[in-house]
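What follows is the residue order along each chain.
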Number of protein chains: 2
Amino acid sequence: MSTNAPVMILVAPQMGENIGAAARAMWNFGLDRMRVVAPRDGWPNARAAALASGAGRVLDEAHLFGDTCAAVADLDYVFATTARQRGLTKSIVTPERAMEQTRALIGTGQKVGILFGAERAGLENVDIARANAIISVPVNPAFPSLNLAQCVLLTSYEWQRQTVQVAPETVELVKTRFANGLEREKLGDHIEQRLEDAGFFFPPDKGAHMKQSLRNMWGRLPLTFADVQILHGMMRQFARWKDDVSGPSKPE
Amino acid sequence: MSTNAPVMILVAPQMGENIGAAARAMWNFGLDRMRVVAPRDGWPNARAAALASGAGRVLDEAHLFGDTCAAVADLDYVFATTARQRGLTKSIVTPERAMEQTRALIGTGQKVGILFGAERAGLENVDIARANAIISVPVNPAFPSLNLAQCVLLTSYEWQRQTVQVAPETVELVKTRFANGLEREKLGDHIEQRLEDAGFFFPPDKGAHMKQSLRNMWGRLPLTFADVQILHGMMRQFARWKDDVSGPSKPE
């Protein structure tokens, strides 16, 4: 089990299916430390295990507690998730801010847990009072209806987002590479010559500007070597087609 | 319908329940523009409507298309969501980066759509080839099993996160206010005097440092006026308890 990650604590969950879905949501983002407090249908729960397929290890290694007090006893900082105001004076943060704080706390060796309430009613105030701060997902006020697994999913996603360095943008290159400067230049020359032959640059006084715009386009587009080959082939084929007046021509 | 938000396009969805869950996920974060391409069980779908309860308007206003080509015809920029590499040369971005780009594109008056594939197989390559870029949620490589509604949820969440300004941290204050400087000072005085009476500051040469630590604590804690009243009451009660040797005393 990863000790450098927050513990997800399900308080009085009802449906086994939702416990299983919560386990899947956690494991989707690499979290595997679950605690379960007084589940309605006992523990272990066969329906939870059935729905957790693939994330069963999260349930296998989950710890069972009789009450919330025992479940948070060893934790240095506890967040409570809730959708509505509770009449308690307490900090309210977004999942994003909460996971920023969690990363910082864990970085100093502290243990952090997040309380999730039962499906319908959520956490009771007596449990929220034990938390250091409240996490509230900023949902549409007209439709604030996240379920248990969705709340676990968004929190786990934010944990992952705060901790895993993801390249901002990658390109999947398949059996090819980007065209280099010379290849792009030669492509530009070829296309320009074919278009010149075809009378594309008309009227002549606009020609220079049109050519520059085209060169800029070949520079701007992220063309691969394979793209360049295809464009060369297209240009050659137009020329063949023009030369062959007897019918559709075929590529060599 | 909000014209300044992305369109969520479900391609060949199978289970009505998942269409309904996707509608709920969208509306949780204020998105209401859904397009449905060739749903397996026809349209409208009673099971989708049943599960969408509360977000039924998203389905009522959804547009039906026969193929993906028609569904994206009026869109200026299209993202395709996929969990695995597809053998296509195309930019891959996180949901966060995609929604940043979407906000920027919509800000210049462009229309943006996001393609979501069917439950098991996801999008077909022919549909992904039509997209300008790919969104890939950076899930746990050992368990990359997001379902349709979860993928819609995370994307909608990111859209909301990019567009709605949320205060980084708020405090819900219930029928009270934070204690002001004078109130905190008087509380410090009171507690210090009671502790002095009780012989708390021992040995005497450590007393000054202990007092400073306590003053610092009252300064650091975000005490409300109500908290201060409670602490004053506690101090008074200890004194009463000490004075009354005949049994447990009662508050006045």
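What counts and what doesn't
- Residues numbered from 1 in each chain as written.
- Chains lettered and ligands numbered in written order.
- Predicted model: local features only at pLDDT ≥ 70, side-chain atom pairs only at ≥ 80, totals over all residues.
- Heavy atoms only, no water.
- Helix = DSSP H or I, 4+ residues; strand = E, 2+ residues; numbered from the N terminus.
- Rg over C-alpha atoms; globule rule 2.2 N^0.38 Å.
- Buried < 20%, exposed > 50% of the residue type's maximum accessible area, 1.4 Å probe, protein only.
- Contact = heavy atoms within 4.5 Å.
- Areas by Shrake-Rupley, 256 points an atom, 1.4 Å probe, with all protein chains shown as cover.
- Least-squares fit on C-alpha atoms with pLDDT ≥ 70 in both.
- pLDDT = per-residue confidence, 0-100.
- Buried area = accessible area lost by both parts, 1.4 Å probe.
- Salt bridge = Lys/Arg side-chain N within 4 Å of Asp/Glu carboxyl O.
- Polar contact = N/O pair within 3.5 Å; in protein donor to acceptor, adjacent residues only side chain to side chain.
- Axes fitted to C-alpha atoms, helices over the stretch in contact; angles between N-to-C directions.
- Left-handed = near helix turned anticlockwise from the far one by under 90°.
- Parallel < 35°, antiparallel > 145°, perpendicular 65-115°, else oblique.

### Considerations on the overall build of chain A
Piece 1. Scanning chain A from N- to C-terminus turns up 10 helices and eight strands.
Piece 2. For 252 residues, the compact-globule formula gives about 18 Å, and the C-alpha radius of gyration of chain A, at 30 Å, lies well above that figure.
Piece 3. Judged by the C-alpha coordinates and their principal axes, chain A covers about 85 × 40 × 40 Å.
Piece 4. Split into buried and exposed, the 252 residues of chain A put 45% on the buried side.
Piece 5. Long-range pairs, those at least 24 residues apart, make up 81% of the contacts in chain A between residues at least 6 apart in sequence.
Piece 6. For chain A, the exposed area adds up to about 12,900 Å²; of that, 55% sits on carbon and sulfur atoms.

### Re unusual backbone geometry
Piece 1. Here the bond from W43 of chain A into P44 of chain A is cis, since omega is 0°, no more than 30 degrees from zero.
Piece 2. On the secondary structure map, P44 of chain A appears in the loop between strand 2 (34–37) and helix 2 (46–51).
Piece 3. Of note, the amide linkage connecting F202 of chain A to P203 of chain A takes the cis form, showing an omega dihedral of -5°.
Piece 4. With respect to the helices and strands, P203 of chain A occurs in the loop between helix 8 (181–197) and helix 9 (207–220).
Piece 5. Unusually for a residue other than glycine, A12 of chain A sits at a positive phi of about 50°.
Piece 6. By the element assignment, A12 of chain A lies in the loop between strand 1 (7–11) and helix 1 (16–28).
Piece 7. With a relative accessible area of 32%, A12 of chain A lands in the partly exposed category.
Piece 8. For A38 of chain B, which is not glycine, the phi torsion reads 45° and is therefore positive.
Piece 9. With respect to the secondary-structure elements, A38 of chain B resides in the loop between strand 2 (34–37) and helix 2 (46–51).

### What to know about the relation of the copies chain B and chain A
Piece 1. Once chain B has been moved 0.2 Å along the axis and rotated by 180°, it coincides with chain A to within an RMSD of 0.3 Å. In symmetry terms, the pair is related by a two-fold rotation axis.
Piece 2. In this assembly the copies share their binding face: 100% of the residues contributing to the interface of chain B also contribute to that of chain A.

### A look at the confidence of the model for chain A
Piece 1. For chain A, the average pLDDT comes to 88, and 94% of its residues sit at 70 or higher.
Piece 2. This complex was scored by the predictor with a pTM of 0.80 and an ipTM of 0.79.

### Regarding the interface of chain B and chain A
Piece 1. Tallying the contact residues gives 49 residues for chain B and 49 residues for chain A.
Piece 2. Across the chain B to chain A interface the summed buried area is about 4,000 Å²; carbon plus sulfur atoms make up 52%.
Piece 3. Summed over the three residues of chain B that lose the most area to chain A, namely N28, F143 and E172 of chain B, the buried surface amounts to 19% of that side.
Piece 4. At the boundary of chain B with chain A, the tally comes to four salt bridges.
Piece 5. When the shortest N-O distance is used, the salt bridge between E96 of chain B and R161 of chain A registers 2.8 Å.
Piece 6. Here chain B is connected to chain A by 14 residue pairs in polar contact (both at pLDDT 80 or more).
Piece 7. If you list the elements that add at least two residues to the side of chain B that touches chain A, you get helix 1 (16–28), strand 5 (90–93), helix 5 (95–107), helix 7 (148–163) and strand 8 (169–172) of chain B.

### A closer look at the pattern of salt bridges
Piece 1. The tally for this structure, following the rule as stated, stands at 33 salt bridges over all chains.
Piece 2. Residue D32 of chain A is joined to R57 of chain A by a salt bridge in which the shortest nitrogen-to-oxygen separation is 3.0 Å. Remark: R57 of chain A occurs in helix 3 (residues 56–60) and D32 of chain A occurs in the loop between helix 1 and strand 2; sequence separation between them is 25 residues.
Piece 3. Among the ionic contacts, a cluster of salt bridges with common partners joins E96, E158 and R161 of chain A together with E96, E158 and R161 of chain B.

### Quick word on the packing of helix 8 of chain A against helix 9 of chain A
All names here are of chain A.
Piece 1. It is the contact of helix 8 with helix 9, at a shortest axis distance of 10 Å, that shows an interaxial angle of 145°. Both helix 8 and helix 9 take part in a crossing whose hand is right-handed. For the pair helix 8 and helix 9, the contacting residues are R184, E185, G188, D189, I191, E192, L195 and E196 in the first and K211, L214, R215, W218, G219 and R220 in the second.

### Let's talk about the packing of helix 1 of chain A against helix 7 (residues 148–163) of chain A
For any two helices packed against each other, the geometry is given by the interaxial angle and the distance between the axes.
Residue and element names in this part refer to chain A.
Piece 1. Remark: helix 1 packs on helix 7, axes separated minimally by 8 Å, with the N-to-C direction vectors making an angle of 15°. One element, helix 1, and the other, helix 7, form an angle in the roughly parallel class. Along this stretch, helix 1 crosses helix 7, giving a crossing that reads as right-handed. Contacts between helix 1 and helix 7 involve N18, A21, A22, A25, M26 and N28 from the first element and L148, A149, V152, L153 and S156 from the second.

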